[in-house]
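# Tertiary structure, described
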Amino acid sequence: MLIEFKVSNYRSIGEEQILSLVPDNKKGDLNDNIIEKGKHKALNTIALYGNNASGKSNLLLAMSLLDRLVHLSARSSSTTKLPYDPFLLRKGFNQKPTKFEITFIINDVKYRYGVMFYENEIHSEWLFKKSKGREVDLFLRKGEIIDTSSAYKGNPKIIDLAIEATKPNALFLSTCDMFNIDEAKEIFQWFKHFNMIDGLNTEDEVLNTVNLWEHENYQAKIVEYFQRLNLGVLNIDVVFKEFDSSELPKNLNENTRDEIINQLKGKKRPIINTIHKLYDEEGNITNNSIYWDINERESAGTNKIFHLSGPILWALTNGGVLIIDEIEAKLHPIMTLDTINLFHNKKTNPNNAQLIFATHDTNLLSYSKLRRDQIYFAEKNSWESTEIYSLSDFIYIDSANKSKKERPDSDKEKRYFEGRYGAIPLLSDFFLH
């Protein structure tokens, strides 16, 4: 269960921004959108709105980047550069470290993990834990000095070896996982359920979906997912075909052709076929069917649905955190709404999966069952740094000069278009001369 994410000094984000999934206790609307683990509560979805270039994607990329750092940094060489990409539009920020911090729940225990880093070294790193009583530190790091506490689960001698083995440009947490230290392994299992998708370029998800397809229980789920969307697809079939050099484009130069052949020779690639009903001359359904390659004859939207079906169903089945940028790209609004509803419905989301998505689809403000604390906006401030804020924290002044919060039954889409919440394009006049 994800509770909170903080980021500062990363790309368009200057000062610290906080994405909180902690529900507002005063909000009595849509309590089904709150998931619980023990005494802890969190929201099951977050929608992020904002103008183009407002920094929505950078916030989600920061979450994905922390995930990649955790998994890969200890396995990198001592000369590998860290992905330091500071805010550049304000003097001095290029000399400050980037900071990520994430708070999450494992087995009713709250963990708070964070890191600050430059291009060549980890500036600081910390891990805190709270089960009963006050929060305690498990380890604290400043540069090359790492202090662990007795509360950190693992063999003390192995922990000491991990401290010695931690490179300046590697995370201590990642090194601990390599040394099979108990608490680090538990945290890595949680990050295994953390996945981000670029909604504009979902092709990279094909292999993830195909890998799930090889498990019989997921095959049935993927087919059911397709059939309920009424795409005209009767069934799906995935076959693996050995690489054939004769299928390469004829206009490739000889060197490129030879390079591709050397890389792919002996390897197999998946071919996804969609199966459709076949009708007779009068338009009546027959007992026969026809199939074709999904890439050749299906729409971009149908392809995206296949790409996303694996990650979505995996998250719902395993209780993961799924992050999707531009969730509505290539999809009909009703299909986007359906995806969100899968996470809101406790029957289809029995394991408390969470969905965080960025979108421009304002229909969702009217038709999706989003609480006010589930709606975030991203906007640039006066010095062009991204700031995010929740609708539940939004206060406006009414005609009687009194401050009020937004009502749960307000027409959010209309008010957003009117500019009441900010985070919309402000267009200047355009004239042709």
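Scroll up to find the structure this text is about.
Residues numbered from 1 in each chain as written. Predicted model: local features only at pLDDT ≥ 70, side-chain atom pairs only at ≥ 80, totals over all residues. Heavy atoms only, no water.

Positionally, Met-335 belongs in helix H10 (residues 333-344). In sequence terms Met-335 and Gly-301 are 34 residues apart; their C-alpha atoms lie 9.8 Å from each other. Beyond its immediate sequence surroundings of up to four residues, Met-335 is in contact with Leu-229, Leu-231 and Ile-305. (Helix = DSSP H or I, 4+ residues; strand = E, 2+ residues; numbered from the N terminus. Contact = heavy atoms within 4.5 Å.)

Our next topic: the sheet that holds strand E14 (residues 285-293). Read from one edge to the other, the open sheet built from 3 strands follows the order E12-E13-E14, with strand pairing classed as antiparallel. Of all strands in the sheet, those bounded by a partner on one side alone are strand E12 (235-242) and E14. The mean inter-strand angle of the sheet, taken between neighbouring strand axes irrespective of direction, is 30 degrees. In the sheet, E12 pairs with strand E13 (residues 268-279) via 8 bridges, with the strands oriented antiparallel. For Ile-236, the partnering residue across the bridge sits in E13 and is Thr-274. (Pairing = 2+ DSSP bridges. Axes fitted to C-alpha atoms, helices over the stretch in contact; angles between N-to-C directions.)

Applying the stated rule across the entire model yields 13 salt bridges. Two residues, Asp-177 and Arg-75, come together in a salt bridge whose shortest N-O distance is 3.7 Å. Of the two residues, Asp-177 sits in helix H3 (residues 172-178) while Arg-75 sits in the loop between helix H1 (56-72) and strand E6 (98-106), which places them 102 residues apart along the sequence. Each of Glu-4, Lys-6, Glu-101, Arg-112 and Glu-135 takes part in a single network of salt bridges with overlapping partners. (Salt bridge = Lys/Arg side-chain N within 4 Å of Asp/Glu carboxyl O.)

This brings us to empty space enclosed by the protein. On inspection of all chains with the given rule, the structure shows 1 cavity of 30 Å³ or more. Estimated volume of the largest cavity: approximately 40 Å³. Tyr-225, Leu-229, Ile-305, Leu-308, Ile-312, Leu-331, Met-335 and Thr-339 together form the lining of the largest cavity. Among the elements of the structure, helix H9 (300-318) and H10 are those that each provide at least two residues to the lining of the largest cavity. Residues of the lining of the largest cavity, tallied by class, amount to 7 nonpolar, 1 polar and no charged. (1 Å grid on protein atoms, 1.4 Å probe; cavity = no way out; pocket = protein on both sides within 12 Å on 5 of 7 lines; lining within 4 Å. Points joined across faces, edges and corners; volume = space filled by probe spheres on them. Nonpolar A, V, L, I, M, F, W, Y, C, P; charged D, E, K, R; others polar.)

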